[in-house]
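# Commentary on secondary and tertiary structure
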Amino acid sequence: DQGRVPGVVALATTAGGVLALSAAGERSLGGGQAMTADTVFWVASMTKALTALAALQLVEQGRLALDDPAPAVVPALAEVPVFAGWQAPGRPRLRPPRSAITLRQLLTHTSGFAHEVWHADMVPLRDALGLPPYVQRQRRALQLPLATDPGTCWAYGIGIDWVGLMIEAVTGQTLGQALQQQVLGPLGMASTGFHPGPDLQARLAGLHQRGPDGRLQPQPPAPPPAGDYQPGGGGLYSTLPDYARFLRLVLNGGQLDGVRLLQPASMPWLLHD
């Protein structure tokens, strides 16, 4: 009513089950569709935790290792240099990294990768190298140079997109297929995926932009970018009840409804404890 948000879905859960679930407002301002508990949202970086779970399952199976050089799995990682400053405007200085990136570093944002949204040099660096914007979901965008040497600094970045490519490399599947087989299917997350079909599209929440006057304006609906990879760092669509099943898995130490997806000894890796 105050115009702060178009609509809300709210859920409270414990390990044992959902305590409360409610919805209010509209999926899109002026669209005439009420916000409901089964509304589908682009969950953006909440994708990262599901990608991490799938990677850690492969670590348990011995198909990936947390501290082995990740370029052995995805050779393109070996081609990514470190950004070492500007020689002149539009002319970056690049050098090889001093050590190889590991899966652990990619998962914990210590690989050296930054994000063009939060690191001041990344957009001019991207433009100087002729790389596409991250939002276009092109693999070439992931060749953005490292902001620091691996293991030397924490920076929120695109590393978990590379984790998704590692999962694809060892499973021979797309990331979406691997997540469906390893995580989404076993958890019964039937309204979660990278490419929402007609049923999910019909329940999709709209995007809005807040104008200078503080009011929200609905944005024209657009399908997910076609891209040439599925971003493990931010590409999933889901509902709140679906995502709550993953949260309950975490609260139950890696199992839910009699299905175990991660061993108790691996849970600290997922929680970065």
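The paragraphs below set out a description of the structure included in this document. The structure displayed is predicted, hence computed values, not measured ones. (Residues numbered from 1 in each chain as written. Predicted model: local features only at pLDDT ≥ 70, side-chain atom pairs only at ≥ 80, totals over all residues. Heavy atoms only, no water.)

## Considerations on the packing of aromatic side chains
Let me state the cut-off plainly: Classification of ring pairs rests on two measures: the distance between centres of Phe, Tyr or Trp rings, Trp counted by its six-membered ring, which must be within 6.5 Å, and the angle between planes, read as stacked under 30 degrees, edge-to-face over 60 and tilted in between. Three exposure classes are used, based on accessible area relative to the maximum for each residue type with a 1.4 Å probe and protein chains only: buried under 20%, partly exposed in between, and exposed over 50%.
Under the definition given, this model contains 4 aromatic pairs. Between phenylalanine 83 and tryptophan 86, the ring centres sit 5.2 Å apart and the planes meet at 65°, which makes this aromatic pair edge-to-face. On the basis of relative accessible area, phenylalanine 83 is assigned to the buried category, the value being 10%. Tryptophan 86 gets classed as partly exposed once you look at its relative accessible area, which sits at 28%.

## Points about the pattern of salt bridges
Basically, it comes down to this: Salt bridges are defined by distance alone: a side-chain nitrogen of Lys or Arg within 4 Å of a carboxyl oxygen of Asp or Glu. Per the convention used, a helix needs a DSSP run of H or I reaching at least four residues, while a strand needs a run of E reaching at least two, with both numbered from the N terminus.
Evaluated as defined, the whole model comprises 9 salt bridges. Close ionic contact of arginine 203 with aspartate 199 constitutes a salt bridge, the shortest N to O distance being 2.8 Å. Between aspartate 257 and arginine 245 there is a salt bridge; the shortest N-O distance is 2.8 Å. Placement of aspartate 257 in the loop between strand 9 (255–256) and strand 10 (259–260) and of arginine 245 in helix 7 (residues 240–251) is noted, with a sequence separation of 12 residues between them. Residues joined in a network through salt bridges with shared partners are Arg95, Arg98 and Asp149.

## Here we look at the layout of surface pockets
Stated precisely, the cut-off is as follows: Both cavities and pockets are sets of points on a 1 Å grid over the protein atoms alone; in a cavity a 1.4 Å probe fits but cannot get out, in a pocket the set is open with protein on both sides within 12 Å along at least five of seven lines, and lining residues sit with an atom within 4 Å of a point. Grid points are joined across faces, edges and corners, and a volume is the space filled by probe spheres set on the points. Each residue is assigned to one class: nonpolar for Ala, Val, Leu, Ile, Met, Phe, Trp, Tyr, Cys and Pro, charged for Asp, Glu, Lys and Arg, and polar for all the others, Gly among them.
Here the largest pocket is characterised by a volume of approximately 1100 Å³. For the lining of the largest pocket, a count of residues per class yields 24 nonpolar, 13 polar and 6 charged. Approximately 420 Å³ is the volume attributed to the second largest pocket. Where the lining of the second largest pocket is concerned, the elements lending two or more residues are helix 1 (47–60), helix 2 (103–107), helix 7 and helix 8 (267–271). In the lining of the second largest pocket, the residues fall into 13 nonpolar, 3 polar and 3 charged.

## Some words on empty space enclosed by the protein
The tally for this structure, following the rule as stated, stands at 1 cavity of 30 Å³ or more. Of the pockets and cavities examined, the largest cavity occupies roughly 30 Å³. Ala114, His115, Glu116, Tyr134, Ala141, Leu144 and Ile158 are the residues that line the largest cavity. Residue classes in the lining of the largest cavity are distributed as 5 nonpolar, 1 polar and 1 charged.

## Examining the nonpolar core
How we decide: Put simply, buried Ala, Val, Leu, Ile, Met, Phe, Trp, Tyr and Cys residues joined by side-chain atoms within 4.5 Å make one nonpolar core. Should any heavy atoms of two residues lie within 4.5 Å, those residues are considered in contact.
Judged by nonpolar contacts, the single largest core of 57 residues is most densely connected at Leu106, Phe113, Trp162 and Phe246. With 8 residues, helix 1 is the single largest residue contributor to this core. Apart from residues lying up to four places away in sequence, leucine 106 is in contact with Ala70, Leu77, Ile101, Ser111, Phe113, Gly159, Ile160, Trp162, Val163 and Met166.

## Section: the environment of arginine 4
Checked against the element boundaries, arginine 4 lands in the segment before strand 1 (7–13). For arginine 4, a relative accessible area of 61% gives the class exposed. Between the alpha carbons of arginine 4 and arginine 210 there is a distance of 9.5 Å; along the sequence they are 206 residues apart. Residues within four places of arginine 4 in sequence aside, it is in contact with Arg210 and Leu216.

Keep in mind these numbers describe shape, not what the thing actually does.
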